[in-house]
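# Report on the structure
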Protein chains: 2
Amino acid sequence: MKYGIVLFPSKKLQDIANSYRKRYDPNYALVPPHLTLKAPFEADEKEIGDTVKELRKIAKQVKPFKLSVYKFSSFAPVNNVIYLKVEPNPELTKLHELLHQGKFKEEPEYAFVPHITIGQNLSDDEHSDVLGRLKMLKIQHVETIDRFHILYQLENGSWTVYETFLLGEGRD
Amino acid sequence: MKYGIVLFPSKKLQDIANSYRKRYDPNYALVPPHLTLKAPFEADEKEIGDTVKELRKIAKQVKPFKLSVYKFSSFAPVNNVIYLKVEPNPELTKLHELLHQGKFKEEPEYAFVPHITIGQNLSDDEHSDVLGRLKMLKIQHVETIDRFHILYQLENGSWTVYETFLLGEGRD
């Protein structure tokens, strides 16, 4: 089964992201707007029990943090992904690191550039057209993130949440 | 903000449900296959904090239980909803009751008929045609449910998971 680890921004920011995703992201209907903390990975049902226990421990080690979105950007020329750029933040970086060491050790595919995808699989022309227009917009949004989620993928490509992890100690 | 409380069956059962939902359920892309425990309700951000605390307590009072799906059925003539019928179960009934008393007190719109919707908004003709064919199929599926989720609805009608609640005591 394929699993992924993400955080969901607030409804407000998800609604903003979806206003673009609807037109520019083929994954629009498959998963809510999100920030990927760990790229999709395969695990069987036995492994996932241990993984989840580890994720509960990791969540306790990271404090809730401010997520700040401050501009539109793109991964071009690597790929034509347009995204809301998220300001790096020590707690977010720590969370990402904890999800890529120990039990979770593997080389991340790319350096961690925290982002919320709003467009992908765009042709070069559409990409530069859309990005050019978005670059002229101002966006400034700050909110608090206090949780993340592990999801699994169904056969139709959509994702279902398996479990939520609350950041910080003594959250119950 | 609109919230709902559901449980997600296993990936296997979600995949089965989606094979029908894709054709017969306009909500296919808005939410994964689910069993509704509490109909959508409005709450603001302050209220939801208390609601979530209460849900954590309720989760501890209900043991993980067997979810058994044993036939296709329909709510017609009340409405043309086709669903996978879930066998009533004391723990599931208890969970539903706890979600409709105390802080959550309200008259449920209908008696609790646990189900996983696979088709809705069908014309009378399509409904009887589809239901007739499904009634001839055998389905027998049992699995363990050990969690439920609270979701909120985005402006586009889709649902994002806010938090997971693990059933039973001492689950961490």
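Sequence order sets the numbering: in each chain, residues are counted from 1 along the sequence as written. Going through the entries in the order they are written, you letter the chains from A and number the ligands from 1. Local features in this predicted model are restricted to residues whose pLDDT is 70 or higher, and side-chain atom pairs enter the listing and the counts only when it is 80 or higher, whereas totals over whole chains, interfaces and linings include all residues. Excluding hydrogens and water, the side-chain figures rest on all heavy atoms present in the structure.

Under the annotation held in an unreviewed UniProt entry, chain A carries the name Putative phosphoesterase AZI98_06750 and is attributed to Aeribacillus pallidus. UniProt positions are given in the numbering used here, feature names are shortened, and annotations may be inferred rather than shown by experiment. Regarding chain A, the UniProt comment filed under Sequence similarities (unreviewed entry) reads as follows: "Belongs to the 2H phosphoesterase superfamily. YjcG family."

Residue and element names in this part refer to chain A. With an omega of 5°, the peptide bond running from Ala76 to Pro77 counts as cis. Helix and strand assignments follow DSSP, with helices taken as H or I runs no shorter than four residues and strands as E runs no shorter than two, numbered in order from the N terminus. Here Pro77 shows up in the loop between strand 3 (65-74) and strand 4 (82-86). Phi at Asn121 is positive, roughly 60°, even though this residue is not glycine.

To continue, consider the relation of the copies chain A and chain B. Of the transformation superimposing chain A on chain B, the axial component is 0.0 Å and the angular component is 180°, with the fit at an RMSD of 0.0 Å. Overall, the copies show the geometry of a two-fold rotation axis. Throughout, a contact is declared for two residues whenever any of their heavy atoms are within 4.5 Å. A high fraction, 100%, of the interface residues of chain A reappear at the interface in chain B, so the copies pair face to face through one surface. Least squares is used to superpose the copies, and the fit set is the C-alpha atoms of residues whose pLDDT is at least 70 in both copies.

Attention shifts here to the UniProt feature "active site" (unreviewed entry) in chain A. All names here are of chain A. Residues given the UniProt feature "active site" (unreviewed entry) here are His34 and His115. The greatest C-alpha distance among the annotated residues, which extend across 82 residues, is 8.3 Å, indicating that they converge on a single site. By secondary structure assignment, the location of His34 is in the loop between helix 1 (11-24) and strand 2 (35-42). Dropping the residues within four chain positions of it, His34 is found in contact with Val6, Leu7, Phe8, Pro9, His115, Ile116 and Thr117. Leave out the neighbours within four places in its chain, and His115 touches His34, Leu35, Thr36, Phe75, Tyr83, Leu84 and Val86.

This paragraph deals with the interface of chain A and chain B. Contacts between chain A and chain B engage 30 residues on the former and 30 residues on the latter. A simple way to read buried area is as the amount of 1.4 Å-probe accessible surface that goes missing from two parts once joined, with both sides added. Overall, the association of chain A and chain B removes approximately 2,300 Å² of surface from exposure, summing both partners, and the carbon and sulfur fraction of that is 49%. Basic side-chain nitrogens of Lys or Arg form a salt bridge, by our definition, when they fall within 4 Å of a carboxyl oxygen of Asp or Glu. Counting the contacts that link chain A with chain B gives four salt bridges. For Arg147(A), the salt bridge identified is with Glu163(B), shortest N-O distance 2.8 Å. Polar contact criterion, stated in full: a pair of N or O atoms within 3.5 Å, where within protein one must be able to donate a hydrogen and the other to accept it, and residues adjacent in sequence count only if both atoms are side-chain atoms. Taken together, chain A and chain B are joined by 15 residue pairs in polar contact (both at pLDDT 80 or more). Going through the elements one at a time, helix 1, helix 2 (45-61), strand 7 (147-153) and strand 8 (159-166) of chain A are the ones with two or more residues in the side of chain A that touches chain B. Broken down by element, the residue count for the side of chain A that touches chain B peaks at seven residues, all from strand 8 of chain A.

The rule is short: rings of Phe, Tyr and Trp, with Trp giving its six-membered ring, pair when the centres are within 6.5 Å, and they are stacked under 30 degrees, edge-to-face over 60, tilted in between. One pass over the structure, following the stated rule, counts twelve aromatic pairs over all chains. Taken together through their ring pairs, the aromatic side chains of Tyr3(A), Phe41(A), Tyr152(A) and Tyr162(A) make up a single cluster. For the cation-ring pair, Arg147(A) lies above Tyr162(B), with the distance from its terminal atom to the ring centre recorded as 3.9 Å. A ring is considered to have a charge above it if a Lys NZ or an Arg CZ atom is located within 6 Å of its centre and within 35 degrees of its normal. For the cation-ring pair, Lys38(B) lies above Phe41(B), with the distance from its terminal atom to the ring centre recorded as 6.0 Å.

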